Structure formats: C-alpha cells, structure tokens
Amino acid sequence: MSSFLSNSSVGKKLVMSVTGCFLVLFILFHMSMNLTAIFSREAYNLICELLGANWYALAGTAVLAAGVALHFIFALVLTWDNYRARGSQRYAVTVKEPGVEWASKNMLVLGWIILAGLALHFINFWAKMQLVEIMGGEENSLGLDAANGYDLILYTFSHWYYALIYLLWFLALWFHLTHGVWSMFQSAGWAGDTWYPRLKWIARIVATIVFLGFACVVVIFYLRANGCCCC
Ligand code: HEM
C-alpha cells in the first residue's frame with residue numbers, strides 16, 4: 001500500500017488530493033473562525049484561548065503541519081516526475097496550449113507563494129500566540145496577552161502593507177484552489193463530460209468563498225484600526 005502511494009503516479013495524486021482536501025477543510029474552518037472576530041472580540045478571544053497550547057490544539061497543529069509537508073513534498077516529486085518524463089522535449093519552447101488554464105500550469109509556483117505567505121503569517125500570528133504559550137509565557141513581544149487574537153489582528157492590519165500582502169496572498173490561494181479543488185475530485189475519479197464543467201464551477205465557488213471570507217476580515221480590520229467609524 002505504502003509503495004503504491006509513493007511509487008505510482010495515481011498513488012501520488014491520491015496523496016495530493018487527500019491532503020489537499022484536508023487542507024481545504026482546515027482553511028474553511030480557519031476562515032469561519034476568523035469571521036467571528038468581525039462580530040465579537042470576546043467570542044474570538046475565547047476561541048483563541050481554546051486553541052492555545054493544550055494537548056488537543058497541539059496535536060491538531062502537528063497533524064496540520066504533517067498535511068502541509070506531505071502535500072508539498074508530493075507536489076515536488078510529481079513535478080520532478082513530469083520533468084523527467086518530458087525528456088528532451090523539456091528544452092522545446094513551450095507553446096501555449098489551448099484550454100489549459102494559467103493556474104493549472106503554475107500550481108507549484110503558486111504553492112511557493114502560499115508557503116512564503118504562510119511563513120510570514122506564522123511570524124505575525126502563531127509565533128505571537130501559540131508559540132508564546134508553548135514556551136511558558138503569557139505576553140508576546142507586542143505586550144499583548146498570548147490569547148488576545150483580536151488585538152493582534154487589529155495591530156497587524158493597521159499597517160497598510162500587511163493588508164496588501166495578505167490580499168495578494170489570498171489571491172494566490174484563489175488561483176491555487178480553482179485548479180486544486182477541481183483536480184482533487186478528478187483524482188478521486190469523479191469526472192466526465194457532465195461533471196467536468198460542474199466541478200470547475202464548484203472549485204471557483206469554494207475558492208471565491210475562501211477569498212472573500214479572509215479578505216473581508218483584512219479590509220474591515222484595516223478600516224477599524226484606521227478609525228473608520230462605520231465598521
Ligand atoms: C484574515 C486572515 C487570517 C487571520 C486573521 C488569521 C489568524 C490566525 C491566528 C490568530 C492564528 C494563531 C492561532 C493560535 O496560535 O492560537 C493563526 C494561525 C494559523 N493560520 Fe491563520 N489567519 C488568516 C489567514 C490564514 C490563511 C489564508 C491560512 C492558510 C492558507 C492560514 C493558516 C494558518 C495556520 C496553518 C495557522 C497555525 C494553526 C495552528 O496554530 O494550529 N491563516 N491564524
């Protein structure tokens with residue numbers, strides 16, 4: 001079984017879709033959790049407290065890290081396999097293939113951008129919250145309580161450049177998901193003439209919900225932090 005998953009192309013794609021599906025579920029959960037911050041400071045900070053440095057949250061973080069690592073390692077392996085399979089053709093000038101979307105050709109590049117965004121995100125949030133608690137501290141370098149996610153969001157997005165970088169990060173995630181969610185179903189064998197366009201639409205809808213869900217938090221907190229009275 002394990003050699004099927006790591007040796008065959010179908011097995012590797014299956015690992016990509018199972019880990020991808022898990023990551024999409026995390027992203028939808030994380031997005032819903034963040035939306036709470038728009039409506040209630042107390043509720044959001046309570047959720048942050050529950051997701052602090054207790055064993056359940058730490059186990060969740062470890063599983064998540066393993067999911068991201070597997071997804072990325074198998075993406076690199078599949079790209080390498082494709083590169084080798086193309087043989088001498090890889091030096092030919094790439095002709096623009098009709099019907100092949102930009103996102104599908106740039107999944108690895110988009111993956112690198114998402115990973116870079118994630119590194120910044122960890123420095124901005126995770127290192128100032130869960131990590132502080134793991135290290136036995138209560139306050140982070142900004143003088144905020146480690147479970148005070150609300151004020152940390154407010155502080156981060158008070159800076160226009162963070163707001164902009166995050167919106168660009170979500171855009172890369174949008175492109176990645178439009179192809180990724182569709183290809184996840186396809187690898188599971190759920191395709192065909194009828195379902196092909198439907199799956200494309202499902203992928204676009206999921207990607208757009210994720211984009212709008214995350215982006216509205218950034219925009220609302222940027223406006224809030226900069227004294228806009230309407231939000
Ligand atoms: C408006 C946008 C976002 C906000 C306000 C936000 C907020 C947060 C906060 C407060 C934490 C720290 C939780 C803790 O340590 O207790 C966190 C962790 C994390 N975020 Fe985000 N996030 C956003 C977008 C994203 C996106 C787009 C992704 C993925 C593509 C993501 C992935 C993660 C991951 C993997 C963690 C670590 C999870 C863990 O501690 O178990 N976040 N985020």
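All values reported here derive from a predicted model rather than from experimental measurement.

(A) Looking closely at the environment of Val24. Inspection of the secondary structure puts Val24 in helix α2 (residues 9-39). Sequence separation between Val24 and Leu35 is 11 residues; the distance between their C-alpha atoms is 16 Å. Dropping the residues within four chain positions of it, Val24 is found in contact with Leu177, Val181 and Val206.

(B) Region of the structure containing the nonpolar core. Core analysis: the biggest nonpolar cluster contains 42 residues, and Ile153, Phe157, Val181 and Phe221 have the highest contact counts within it. If you list the elements that add at least two residues to this core, you get α2, α3 (41-50), α6 (107-124), α8 (149-156), α9 (160-187) and α10 (195-225). If you look at the next biggest cluster of nonpolar residues, it comprises five residues, including Val15, Met16, Phe74 and Leu78.

(C) Spatial organisation of the site of the ligand. Taken together, 20 residues form the shell around the ligand, and within it His30, Asn34, Thr61, His121 and Gln130 come nearest. A distance of 3.4 Å separates a nitrogen atom of the ligand from a polar atom in the side chain of Asn34. One of the side-chain nitrogen or oxygen atoms of His121 is found 2.8 Å away from a nitrogen atom of the ligand. Residue assignment for the shell around the ligand shows that the elements contributing at least two residues are α2, α4 (55-85), α6, α9 and α10.

(D) Summary view of the coordination of the iron atom of the ligand. At 2.0 Å from the iron atom of the ligand lie its protein donor atoms, namely His30 (NE2) and His121 (NE2). Note that the iron atom of the ligand binds six donor atoms; their angles at the metal cover 87 to 180 degrees, and the shape is octahedral. With His30 in helix α2 and His121 in helix α6, the pair connects residues that are 91 residues apart, well separated along the chain. Judged by relative accessible area, which is 19%, His30 ranks as buried. The exposure class of His121 is buried, given its relative accessible area of 16%.

(E) Expanded view of the packing of α2 against α10. One can describe the packing of α2 onto α10 by two numbers: an axis separation of 10 Å at closest approach and a directional angle of 30 degrees. Considering the angle they form, α2 stands roughly parallel to α10. α2 and α10 meet at a crossing whose hand is left-handed. For the pair α2 and α10, the contacting residues are Val24, Ile27, Leu28, His30, Met31, Asn34, Leu35, Ala37 and Ile38 in the first and Val206, Ile209, Val210, Gly213, Phe214, Cys216, Val217, Ile220, Phe221 and Arg224 in the second. Split by residue class, the contact of α2 with α10 holds 15 nonpolar, three polar and one charged.

(F) Looking closely at the side chain of His176. If you trace the backbone, His176 turns up in helix α9. With relative accessibility at 15%, the residue His176 sits in the buried group. Setting aside anything within four residues of it in sequence, one finds His176 in contact with His71, Met107, Leu110, Gly111 and Ile114.

(G) Just the confidence of the model for the protein, in detail. Across the protein, pLDDT averages 90, with 93% of residues at or above 70. For the protein, helix α1 (residues 2-7) is the element with the lowest average pLDDT, namely 70, and α8 is the one with the highest, namely 98.

(H) The arrangement of the packing of aromatic side chains in detail. All chains considered together, the criterion is met by 16 aromatic pairs. When the centroid spacing of 4.9 Å and the interplanar angle of 85 degrees are considered together, the rings of Phe72 and Trp112 count as edge-to-face. Within this pair, whereas Phe72 is found in helix α4, its partner Trp112 is found in helix α6, the two being separated by 40 residues in sequence. The exposure class of Phe72 is buried, given its relative accessible area of 14%. Look at Trp80 and Tyr83: their rings are 5.5 Å apart centre to centre, the planes differ by 25 degrees, and that puts the pair in the stacked class. Taken together, the residues Trp80 and Tyr83, both in helix α4 and three residues apart, mark about one turn of the helix. For Trp80, a relative accessible area of 48% puts it in the partly exposed group. Its relative accessible area of 31% is what places Tyr83 among the partly exposed residues. Taken together, the ring pairs connect Phe125, Phe157, Tyr166, Trp169, Phe170 and Phe214 into an aromatic cluster. Across from the ring centre of Trp195, 5.0 Å away, lies the NZ or CZ of Arg198, which sits over that ring.

What counts and what doesn't
Residues numbered from 1 in each chain as written. Predicted model: local features only at pLDDT ≥ 70, side-chain atom pairs only at ≥ 80, totals over all residues. Heavy atoms only, no water. Helix = DSSP H or I, 4+ residues; strand = E, 2+ residues; numbered from the N terminus. Contact = heavy atoms within 4.5 Å. Core = buried A, V, L, I, M, F, W, Y, C linked by side-chain atoms within 4.5 Å. Buried < 20%, exposed > 50% of the residue type's maximum accessible area, 1.4 Å probe, protein only. Near = heavy atom within 4 Å. Polar contact = N/O pair within 3.5 Å; in protein donor to acceptor, adjacent residues only side chain to side chain. Donors = N, O, S within 2.8 Å, 3.2 Å for Na, K, Ca; no water. Tetrahedral: all angles 85-135°; square planar, octahedral: opposite > 155°, others 65-115°. Axes fitted to C-alpha atoms, helices over the stretch in contact; angles between N-to-C directions. Parallel < 35°, antiparallel > 145°, perpendicular 65-115°, else oblique. Left-handed = near helix turned anticlockwise from the far one by under 90°. Nonpolar A, V, L, I, M, F, W, Y, C, P; charged D, E, K, R; others polar. pLDDT = per-residue confidence, 0-100. Phe/Tyr/Trp six-rings, centres within 6.5 Å; stacked < 30°, edge-to-face > 60°. Lys NZ or Arg CZ within 6 Å of the ring centre and 35° of its normal.

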